[in-house]
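# Observations on the model geometry
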Amino acid sequence: MKHSKIAIIGAGRVGTTTAYALMLKNIAAEILLVDVDPIRCKGEFLDLSDVLPFSSTSIVRDATLQEAAQADIIIITGGKAQSPGQTRLDLLKINLKVMDAIVDGLASLNKNAIIIVISNPLDILTQHIQNKNILPRNQIFGSGTFLDSTRLQGALGLKLNVAPKSIHAYILGEHGDTQFPAWSSAYCDGKSISECLSRNELEQVAQQTKQKAYDIISCKGSTFYGIASCATALCESIIFNQKQVIPVSCYQEDLGVCLSVPCVIGEKGIVELFPLSLNAQEKNQLQQSAQNLKALMQP
């Protein structure tokens, strides 16, 4: 494996938990932390350096945006965090300015770098960065509904009394309130989920999945373990060219927005889209999700 360098922009809870997960899974040889608060950033990398004896990672340190620009993977977690009672989309105006500052600081960007956006509202920020044309679109994507989909699989696993890994089901569309489960293509080891659960049970699972982030935020202020694990899995698929099929936020030509559909993730970023056969209702839900995002992007 090549010497892999991952830069994490934003040394808050999501960023530092991602660094910790990357170290425990031995994904990166070098991890750079970048933050607007240098004292906080120093404390975080010093704390994380105590993990080095237990990891294959050789270096974890603070860095500048210019240094981060040369990394193989750049994970953007910077921006204002979501507060209790606040939707992801409430963050839009503040975090658009944060993204502008980050991109402006990524001078002399590694042309082979992959940028993973985790900051919210995720789909709009992903498209905002793509529109700056700093890299090809396939090299810039958001974590999207990856975490939402794993939550769905977990909830279905509990309902069916099977391991979540046995569930093949995706949440599509916006990483937010208009997300929806693609039930027509959801299976448990070859058996349709719709055959296993009633319509009422499916609706309950879908609502539970959509609500989970808000429940966590209302209890402890933010979510970070799950999304850090998703970011780590994305890095693993890129660095080892695993070509896993993962729902991420990427630009959809026919819809004119970034939103989540299953994609093949490898060393070039998004290798290809992996479209699902959606029924008429799901196609309409995808369109509604796109329209919602377009409306929010209007000046």
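As a starting point, this report considers the structure included with it. (Residues numbered from 1 in each chain as written. Predicted model: local features only at pLDDT ≥ 70, side-chain atom pairs only at ≥ 80, totals over all residues. Heavy atoms only, no water.)

Moving on to the overall build of the chain. Secondary structure summary: the chain contains 10 helices and 14 strands in total. Its C-alpha radius of gyration of 19 Å places the chain within 12% of the 19 Å reference for a compact globule of 299 residues. Projected onto its principal axes, the C-alpha positions of the chain cover 50 × 45 × 40 Å. With 299 residues in all, the chain has 54% of them scored as buried. Within the chain, counting contacts between residues at least 6 apart in sequence, those at least 24 apart form 69% of the total. (Helix = DSSP H or I, 4+ residues; strand = E, 2+ residues; numbered from the N terminus. Rg over C-alpha atoms; globule rule 2.2 N^0.38 Å. Buried < 20%, exposed > 50% of the residue type's maximum accessible area, 1.4 Å probe, protein only. Contact = heavy atoms within 4.5 Å.)

It is worth spelling out the side chain of Ser119 at this point. Inspection of the secondary structure puts Ser119 in the loop between strand S5 (114–117) and helix H5 (122–130). A polar contact is formed between the side chain of Ser119 and the backbone oxygen of Gly78, at a distance of 2.4 Å. (Polar contact = N/O pair within 3.5 Å; in protein donor to acceptor, adjacent residues only side chain to side chain.)

What follows deals with the sheet that holds strand S10 (residues 187–188). Where strands meet in a sheet, backbone hydrogen bonds hold them as pairs that are either parallel or antiparallel. Reading across the sheet, the three strands line up as S7-S10-S11 and stay open at both edges, with antiparallel pairing between neighbours. Pairing within the sheet leaves two strands with one partner each, and these edge strands are strand S7 (167–168) and strand S11 (191–192). With two bridges joining them, S7 and S10 adopt antiparallel strand pairing. Paired with His168 across the two strands is Tyr187, which belongs to S10. (Pairing = 2+ DSSP bridges.)

What follows deals with the pattern of salt bridges. By the definition in use, this model includes six salt bridges. Taking the shortest distance from any N to any O, the salt bridge between Glu44 and Arg40 comes out at 2.8 Å. Highlighted residues: Glu44 and Arg40, both in helix H2 (residues 38–49), separated by four residues, approximately one helical turn. Between Lys132 and Asp100 there is a salt bridge, and its shortest N-O distance comes to 3.0 Å. Pair noted here: Lys132 is in the loop between H5 and strand S6 (140–142) and Asp100 is in helix H4 (residues 92–105), with a separation of 32 residues, a long-range link. When its relative accessible area of 31% is taken as the criterion, Lys132 is described as partly exposed. Given a relative accessible area of 25%, Asp100 falls into the partly exposed group. Among the charged side chains, a network of salt bridges with common partners joins Glu30, Arg61 and Glu67. (Salt bridge = Lys/Arg side-chain N within 4 Å of Asp/Glu carboxyl O.)

We now examine helix H9 (residues 225–239). Taking 1.5 Å per residue as the helical rise, H9 with its 15 residues ought to reach 21 Å, and the 21 Å between its terminal C-alpha atoms agrees with that figure. Buried residues dominate H9, accounting for 12 of its 15 residues. Restricting attention to buried positions, one finds in H9 the residues Ile227, Ala228, Cys230, Ala231, Thr232, Ala233, Leu234, Cys235, Glu236, Ser237, Ile238 and Ile239. With its phi angle positive at about 50 degrees, Asn241 sits one or two positions after the end of H9. (Expected span 1.5 Å × (residues − 1).)

Turning our attention to the environment of Asp254. Position of Asp254 among the secondary structure elements: in the loop between strand S12 (244–252) and strand S13 (257–266). Of the residues examined, Asp254 reaches a relative accessible area of 65% and is grouped as exposed. For the pair Asp254 and Ile76, spaced 178 residues apart in the sequence, the C-alpha separation amounts to 27 Å.

Our next topic: the packing of helix H1 (residues 13–24) against H9. Between H1 and H9, the least distance of the axes is 8 Å, while the angle of their chain directions is 50 degrees. In terms of axis orientation, H1 runs oblique to H9. For the pair H1 and H9, the sense of crossing is right-handed. Packed against H1, whose contacting residues are Val14, Thr17, Thr18, Ala21 and Leu22, the element H9 presents Tyr225, Ile227, Ala228, Ala231, Thr232 and Cys235 at the interface. (Axes fitted to C-alpha atoms, helices over the stretch in contact; angles between N-to-C directions. Parallel < 35°, antiparallel > 145°, perpendicular 65-115°, else oblique. Left-handed = near helix turned anticlockwise from the far one by under 90°.)

A word on the packing of aromatic side chains. A full pass over the atoms with the stated rule returns one aromatic pair. A centroid spacing of 4.7 Å and a plane angle of 55 degrees characterise the contact between Phe224 and Tyr225, whose relative ring orientation is tilted. Here Phe224 falls in the buried class, since its relative accessible area comes to 10%. Lying across the ring of Tyr251, Arg137 places its NZ or CZ 4.0 Å from the centre. (Phe/Tyr/Trp six-rings, centres within 6.5 Å; stacked < 30°, edge-to-face > 60°. Lys NZ or Arg CZ within 6 Å of the ring centre and 35° of its normal.)

These values are about where atoms sit, not about what they do.
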